[in-house]
Amino acid sequence: MNLSRWLYDTARSDPARPAFYLGHDHVETYGGFHEKAARVAAALLAKGVTPGARVALFMKNTPDYLIAQYGAWYAGAAVVPINAKLHPAEAAWIMADAGAGICFASPELATDLRAAAPDVDVIDTLPLGHSAIAQPVSRAADDLAWLFYTSGTTGRPKGVMITHHMLIAMSDAYQRDADRVRPEDATLYAAPLSHGAGIYNMMHVRAGARHIFPASGGFDEAEILDLARHHGNIHMFAAPTMVKRLTEVAKEAGETGQGLRSVVYAGGPMYLADIIAAVDHFGPVFVQIYGQGECPMSITVLPRADVADRSHPRWRERLASVGYAQSVVEVRIGDADGTPLPVGETGEIMVRGETVMPGYWQNPEATAKTLLNGWLMTGDMGFMDGDGYVTMQDRSKDMIISGGSNIYPREVEEVLLTHPEVTEASVVGKLHPDWGEEVVAFVVGDADQAALDRLCLDHIARFKRPKHYRHVTALPKNNYGKVLKTELRKMLEEEQ
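Everything quoted here is computed from the prediction, not taken from an experiment.

Asker: Please clarify how the nonpolar core should be interpreted in this entry.
Answerer: Among soluble globular proteins, nonpolar side chains are generally buried collectively. Formed by 121 residues in total, the largest nonpolar core has its most connected members in Phe33, Phe104, Leu167, Tyr200, Met202 and Phe286. Those residues in contact with Phe286 that lie beyond four places of it in its chain are Val243, Val263, Tyr265, Ile275, Ala278, Val279, Pro303, Arg304 and Val307. Of all hydrophobic cores here, the second largest spans 44 residues; its members include Phe58, Leu147, Leu416 and Ala461.

Asker: Help me out: how do you make sense of the packing of helix H4 (residues 88-98) against helix H5 (residues 107-116) in this one?
Answerer: The relative placement of two packed helices is expressed as an angle between their axes plus a distance between the axes. Where H4 meets H5, the closest approach of the two axes is 9 Å, and the angle between their N-to-C directions is 60°. As far as their axial angle goes, H5 and H4 are oblique. Of the two possible hands of crossing, H4 and H5 adopt the one that is right-handed. Of H5, the residues touching H4 (which contributes Pro88, Ala89, Ala91, Ala92 and Met95) are Asp112, Leu113 and Ala116. Residue composition of the contact of H4 with H5, grouped by class: seven nonpolar, no polar and one charged.

Asker: Just to check I follow, could you spell out the sheet that holds strand E25 (residues 468-471) for this structure?
Answerer: By way of backbone hydrogen bonds, the strands of a sheet pair with one another, either parallel or antiparallel. Spatially, E23-E24-E25 is the arrangement adopted by the three strands of the open sheet, whose pairing is mixed. Two strands lie at the open edges of the sheet, namely strand E23 (422-432) and E25, each paired on one side alone. On average, adjacent strands in this sheet sit at an angle of 25° to one another, irrespective of strand direction. Against the sheet, helix H15 (residues 409-416) makes contact with E23, strand E24 (436-445) and E25, and its axis sits at roughly 145° relative to E23, the strand it touches most.

Rules used in this analysis
- Residues numbered from 1 in each chain as written.
- Predicted model: local features only at pLDDT ≥ 70, side-chain atom pairs only at ≥ 80, totals over all residues.
- Heavy atoms only, no water.
- Core = buried A, V, L, I, M, F, W, Y, C linked by side-chain atoms within 4.5 Å.
- Buried < 20%, exposed > 50% of the residue type's maximum accessible area, 1.4 Å probe, protein only.
- Contact = heavy atoms within 4.5 Å.
- Axes fitted to C-alpha atoms, helices over the stretch in contact; angles between N-to-C directions.
- Helix = DSSP H or I, 4+ residues; strand = E, 2+ residues; numbered from the N terminus.
- Parallel < 35°, antiparallel > 145°, perpendicular 65-115°, else oblique.
- Left-handed = near helix turned anticlockwise from the far one by under 90°.
- Nonpolar A, V, L, I, M, F, W, Y, C, P; charged D, E, K, R; others polar.
- Pairing = 2+ DSSP bridges.

Here it is in structure tokens:
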């Protein structure tokens, strides 16, 4: 099944239903949403797009994003969502790896993208001149729908293959386990549509709910509180750092969070004090989920009742967990070989079920390392209690999470090492009170900070650039020559 039929069905049953708002202003109905998506699909088919072809999206948060996405699905293509904060060179690499010959780009991003990817047909204005196709192209449940690129420790992103069935199962699990979307509800896109916020559009399309795009195009605490109050019944996805900032601003402004119905948080560690403060101020509106690109948004859930509960004798431990397995998966804790471990023992979090990827795009070696006898090895370490609640303790990978965005040290290190005066570099995360972590680079060599900043800004996204550079005479290593990042982190912790 082509999941874009959810838009087709909603538009057919109630074409006048409001779909998109830009700030306070209503800008599109579901009938118009469908019509434009069907016209985009016709344009793509006229360009020779065939079922299964990859169409990239390098766009900021606007209504055109969802129209382009559903237009690609209507045409039978798979979408390749690319974070609009990435450097054009990074976006170009992803498109080349995905074999995406067409990319929808925001006008302000299109010029640099064309320079970085001259062989890609970059479309910066929705092509609406063709007659709309009658209905979405038929697709099988296991056909590719969403090719999501997640960075890896090798420094190059890997394409996670996400099928129509996986997204349908994820949406159904959300309704059963996390929150039920109603026609009178609205979803607010304050985080990038290329990631968690965007993947939650589908259940809202299915329900005929409203889609709210902040006029600022991003996360502004005062704007979010205003939009929630104005529109009501707001659902939004937020990184833990966003929850913390929203709580602080609301307290200072005397805002109660009127109109906020559900805030789903994920994407990084939520500190216990922060979520307690958020619930104390806003009430029982928070839901936690844990997922990965390889199992999108659907490994575990901590529903609002658990997040808000203060009566259970172990409520603090449960609140510090990421919840229990969602209804479409099994979760267990295993050793390096996947052998199950006893209750309470720390190991790797493993998951299998309907929402686990079939593999990485054209990368059988990485697939074989990550999928073990049908189980996804998440790379995250944790333990499970006797009631099935999973508590994450550490990441086996060296990923840095800053403001809800994933940053992998290796890709930053590879850029730093291209400077002729840098002989060694190692990147780690340092705790930050607002962003969760910030990037710190330990550098052996004579290159100054200004030169290293320029180098990073020319090759990677700004948010990945180190915020601090530490020049050292040597990096700590073990007997095998491996850099001891634990020692570097210890140095930062002692300074703090």
